[in-house]
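Here is what each chain is made of, one letter per residue.
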Amino acid sequence: MNSGRFFPGRGRLAPWVLALLLVMVAALSTGPGAFAQTATALDPPGLVAQLNYFDGPVSFEPAGYDQWAGAVLNRPLTQGDRLWNDAGARSELHIDSTALRLDGSTSLSFTTLDDQTVQIALTQGSLIAHLRSLPTGQRFEIDTPNLAFTASQPGDYRIDVDPGAGTTRVTLQSGGAVVYGSNGASADIAAREQITFGGNDLAQVAAQTAPALDLFDRWAAARDLDEDR
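Everything numeric here is computed off the predicted structure, so don't read it as measured data. (Residues numbered from 1 in each chain as written. Predicted model: local features only at pLDDT ≥ 70, side-chain atom pairs only at ≥ 80, totals over all residues. Heavy atoms only, no water.)

## Notes on the overall build of the protein chain
Moving on, step 1. The helix and strand inventory of the protein chain stands at three helices and 17 strands.
Moving on, step 2. Split into buried and exposed, the 229 residues of the protein chain put 39% on the buried side.
Moving on, step 3. Sequence-distant contacts in the protein chain: of pairs separated by 6 or more residues, those separated by 24 or more amount to 43%.
Moving on, step 4. For the protein chain, the accessible surface area stands at approximately 12,300 Å², while carbon and sulfur atoms represent 55% of it. (Helix = DSSP H or I, 4+ residues; strand = E, 2+ residues; numbered from the N terminus. Buried < 20%, exposed > 50% of the residue type's maximum accessible area, 1.4 Å probe, protein only. Contact = heavy atoms within 4.5 Å. Areas by Shrake-Rupley, 256 points an atom, 1.4 Å probe, with all protein chains shown as cover.)

Quick look at the structure:
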């Protein structure tokens, strides 16, 4: 029986080989730029987030789909993917050397994920980001219903979003950041500061020195220590 595979002397190409040749011929016939575009379209994304740990009910929704599924360990997440931690669950992702840790009842999605920009949407819950590096020209941003948070240097950052109260609390254990509101409003936040914002114009609901670490902070710090070792 002829399986359709290519063997020397038989003169028959496998369907996948023929399809590839047709793509190459079509690209070459329209110029070298077209072939470059075809190759780029087939390339994998330059930057991904990897879900390397979770405990408890965690779900993800791939970009372009309207259906949630159970999280899969070590599954790469790309631009447009969403992640949900149920109550009591925790999860950890890595984007290169940056660690993202999510507490329970937290919703996260990747708005932009490439070599220049990491842009995350956090609509509710708690996220701790540990940036080991932030090269010149790269942007790390977390968007909430209240503001846009951008890290200005490596550090340890925590964002808590309370949709019921309509607030976002920003806590810096180390590093430095700038937050942006509507109409071009902005505010600098330094290490060891904690500020709670309400509305979209950076109205400060509360401001204080960063408090003592809670259970979520200590869990994230212990994970960092294990990685450093």
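## What to know about the pattern of salt bridges
Moving on, step 1. Under the defined criterion, the tally for this structure stands at 16 salt bridges.
Moving on, step 2. Notably, a salt bridge pairs aspartate 81 with arginine 75, separated by 3.6 Å at the nearest N-O pair.
Moving on, step 3. The exposure class assigned to arginine 75 is partly exposed, which follows from its relative accessible area of 25%.
Moving on, step 4. Where glutamate 227 meets arginine 132, a salt bridge forms, and the shortest distance between an N and an O atom there is 3.0 Å. Linking glutamate 227 in helix H3 (residues 215-228) with arginine 132 in the loop between strand E9 (117-131) and strand E10 (139-143), this pair joins segments that are 95 residues apart in sequence.
Moving on, step 5. Look at glutamate 227 and you get partly exposed, because its relative accessible area is 33%.
Moving on, step 6. Look at the salt bridges and you will find they share partners, linking Glu92, Arg101, Arg132, Arg223, Asp224, Glu227 and Asp228 into a network. (Salt bridge = Lys/Arg side-chain N within 4 Å of Asp/Glu carboxyl O.)

## Things to note about the packing of aromatic side chains
Moving on, step 1. A complete count under the given rule lists three aromatic pairs for this structure.
Moving on, step 2. Centre to centre, the rings of tyrosine 53 and tryptophan 219 are 6.0 Å apart; their planes meet at 40 degrees, and the pair counts as tilted. Remark: tryptophan 219 occurs in helix H3 and tyrosine 53 occurs in strand E1 (residues 49-55); sequence separation between them is 166 residues.
Moving on, step 3. Taking relative accessible area as the criterion, tryptophan 219 reaches 16% and is therefore assigned buried.
Moving on, step 4. Look at phenylalanine 149 and tyrosine 157: their rings are 5.3 Å apart centre to centre, the planes differ by 65 degrees, and that puts the pair in the edge-to-face class.
Moving on, step 5. Tyrosine 157 sits in the buried class, given a relative accessible area of 1%. (Phe/Tyr/Trp six-rings, centres within 6.5 Å; stacked < 30°, edge-to-face > 60°.)

## Considering the layout of surface pockets
Moving on, step 1. Taken as a whole, the largest pocket spans an internal volume of roughly 230 Å³.
Moving on, step 2. Around the largest pocket sit 17 residues that line it, and Ile95, Asp96, Thr98, Val118 and Gln138 are the ones nearest its centre.
Moving on, step 3. Where the lining of the largest pocket is concerned, the elements lending two or more residues are E9 and E10.
Moving on, step 4. By residue number, the principal contributor to the lining of the largest pocket is E9, which donates three residues. (1 Å grid on protein atoms, 1.4 Å probe; cavity = no way out; pocket = protein on both sides within 12 Å on 5 of 7 lines; lining within 4 Å. Points joined across faces, edges and corners; volume = space filled by probe spheres on them.)

## Thoughts on the environment of glycine 155
Moving on, step 1. Among the secondary structure elements, glycine 155 is positioned in strand E12 (residues 155-162).
Moving on, step 2. Classification of glycine 155 by relative accessible area gives buried; the value is 5%.
Moving on, step 3. Measuring from C-alpha to C-alpha, the distance between glycine 155 and glutamine 173 comes to 7.4 Å, with 18 residues separating the pair along the chain.
Moving on, step 4. Each residue touching glycine 155, except ones within four places of it in the same chain, is listed here: Ala129, His130, Leu131, Ser174 and Gly175.

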